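Breakdown of the fold
So the chains spell out like this:
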Amino acid sequence: MPKPSVLVAEELSPAGLALLEGDFEVRHANGADRSELLPALEDVDALIVRSATQVDAEALAAAPRLKVVARAGVGLDNVDVDAATKAGVLVVNAPTSNIISAAEQAINLLLATSRNTAPAHNALINGEWKRSKYTGVEVYDKTVGVVGLGRIGQLVAQRLAAFGTHIVAYDPYVQPSRAAQIGVEMVSLDELLRRSDYITIHLPKNKDTLGLIGDEALSKVKPGVRVINAARGGILNEDALYRAIKEGRVAGAGIDVWASEPCTDSPLFEFGDNVVVAPHLGASTAEAQEKAGTQVVRSVKLALSGEFVPDAVNVQGGAVAEDVKPGLPLTEKLGRIFTSLARGVADRIDIEVRGEIAAHDVKVLELAALKGVFGDVVEETVTFVNAPLLAKERGVEVNLVTSDDNSDWRNLITVRGLMPDGQRVSVSGTLTGPRHHEKLVEINGYSMEIPVSEHMAFLSYHDRPGIVGKVGALLGEAQVNIAGMQVSRDTEGGTALITLTVDSEVPSPILEEISTEIQASQTRQVNLED
């Protein structure tokens, strides 16, 4: 088999490139040059970019084999995530690669503004010794307001606590109990503005946060406050900050990010003694660049092997708990068995997760089930990304049901569907033992316990003697070896179900002959080979 091909369109860390070697055919192109990029995308499986390559609808259309776009960094302004989702292409980034570097840059700017480091440096190298002019302030015993208590905001808060500061934070999506665990007091934005000696911004940039710290907010600040922005340009209104410094309401600022980048001219540059500026250096450390490269390469490897990628931005669910991961392949197989039994598109599909596993976030199991449900019935490649879209386009209502109550099995996963004609179809499985053996334990209400196999067949018929022997004989004559067989029935003499696992696919003529011989009411075969 040829190796999957990965196009590296921008500079990648040596450690990241080293992880690609051996497993993939690595190609290179200048992602900023469209005339070079588009032809290079024609037959690649993965694309790795930084910030200069525009991955838009045109680029995606030029890459029919593309399965994953990986951004070796955090921001995704240059990737059309919606277009990628529609194309079933996974989009991943390296969300934790620069969080330490970004947190340290915020603290660096905060300390630099406190001690006038930049202007004192400039004065000294110009031959001026101005100790009295550049007297600073201590950070100790000051109140620091952290606007946005996500991963970076928490790192900043934890580090500043060591300076003997009091930390208050504003973040409507963080519970006070979680903040209290790291010694942070949650307050309203207005209270944070009123109380803080320092304000450091750590929010994502979106329609709700754009311009959040503007004229109105800066009119409420404590006189002499210093403002730090090492998050995203535009959250802090630079013109409003200029006015606040000019009027003496804000004592100083440390700015690493800008509303428009690159920024080489700003009114804020006027305040050389009050404002420390940098050209977006938050992630510019050797360590962050190496982590960005290695993290996205690991995500590419997961994506091209068909596994769930926790860092995918266009897949619902987020990080997957270790106890949930073994259920992913089982759930996808249950979805494929469901489709084979249903032979049509359901009006509604319920994915039920019961037992100990339900204590975790199991949203990803819903995606795995849908990936299996549609994998064998649509022409396009079905992924964790586009599976929900395929369901929506076909008008399928999808529900995830969880419960920690399950008396029969430690964990139980069921794919249950309601068909347009009112028929109900269900298939359930579980994982057993330390090696997580996959077992099928229920089909349409019939109980069983049989290993999930690459080749399975299901035969429904009127319960009567001699059927098992006939099925075994016909398969034996066809040189199809039976690995396992289990008979389930609703009542004696009622309807019975034979579940077969076999070593090879049963030829269609043989399956039809068996069906005729035993007068089967329903015959289905499932081949779960990749």
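None of these values were measured; they are calculated from a predicted model. (Residues numbered from 1 in each chain as written. Predicted model: local features only at pLDDT ≥ 70, side-chain atom pairs only at ≥ 80, totals over all residues. Heavy atoms only, no water.)

Before going further, it helps to spend a moment on the side chain of Q105. Mapped onto the fold, Q105 is located in helix α5 (residues 99-115). Classification of Q105 as buried rests on a relative accessible area of 11%. Among the polar contacts made by the side chain of Q105, one reaches the side chain of N108 at a distance of 3.0 Å. Sequence-distant contacts of Q105, defined by excluding residues within four places in its chain, comprise A230, D256, A278, L281 and G282. (Helix = DSSP H or I, 4+ residues; strand = E, 2+ residues; numbered from the N terminus. Buried < 20%, exposed > 50% of the residue type's maximum accessible area, 1.4 Å probe, protein only. Polar contact = N/O pair within 3.5 Å; in protein donor to acceptor, adjacent residues only side chain to side chain. Contact = heavy atoms within 4.5 Å.)

Working note: α-helix, 3.6 residues per turn, so residues spaced by three or four point in the same direction. Over its 17 residues, α5 extends 25 Å from the first C-alpha to the last, a length consistent with the 24 Å expected when each residue adds 1.5 Å. When you tally the buried positions in α5, you get 12 out of 17 residues, the bulk of the element. If you check which residues of α5 are buried, you get I99, S101, A102, A103, Q105, A106, I107, L109, L110, A112, T113 and S114. With its phi angle positive at about 55 degrees, N116 sits one or two positions after the end of α5. (Expected span 1.5 Å × (residues − 1).)

All right, on to the side chain of E238 then. Residue placement: E238 occurs in helix α11 (residues 238-246). Buried and unpaired, E238 has K205 as its nearest opposite-charge partner, separated by 8.3 Å. With residues up to four places along the chain from it excluded, the contact list for E238 reads V257, W258, A259 and L268. (Lys, Arg positive; Asp, Glu negative; His and termini not counted. Salt bridge = Lys/Arg side-chain N within 4 Å of Asp/Glu carboxyl O.)

Taken as a whole and judged by the stated rule, the model has 30 salt bridges. Measuring nitrogen to oxygen at the nearest pair gives 2.6 Å for the salt bridge that ties R27 to D43. Taken as a pair, R27 in strand β2 (residues 25-28) and D43 in the loop between α2 (34-40) and β3 (46-49) lie far apart in primary sequence, 16 residues in all. We classify R27 as partly exposed; its relative accessible area is 23%.

Quick look at the domain arrangement of the protein chain now. Parsing the protein chain into structural domains produces domain 1 (5-95 + 287-305), domain 2 (98-277) and domain 3 (326-527). Relative placement of domain 1 and domain 2: their C-alpha centres are 34 Å apart. With five residues of domain 1 in contact, the opposing surface of domain 2 contributes six residues. Carbon and sulfur atoms make up 45% of the surface buried where domain 1 meets domain 2, a total of about 460 Å² over both sides. (Domains from an automatic or database assignment. Buried area = accessible area lost by both parts, 1.4 Å probe.)

Counting 70 residues, the largest nonpolar core has I337 and L440 as the members making the most contacts within it. Here this core takes eight residues from helix α14 (residues 363-375), the largest share from any one element. Mapped onto the domain boundaries, this core takes at least three residues apiece from domain 1 (5-95 + 287-305) and domain 3 (326-527). In this structure, I337 is in contact with V427, L440, I443, M456, F458, V526 and L528, ignoring residues within four places of it in sequence. If you look at the next biggest cluster of nonpolar residues, it comprises 29 residues, including V168, L192, W258 and F271. (Core = buried A, V, L, I, M, F, W, Y, C linked by side-chain atoms within 4.5 Å.)

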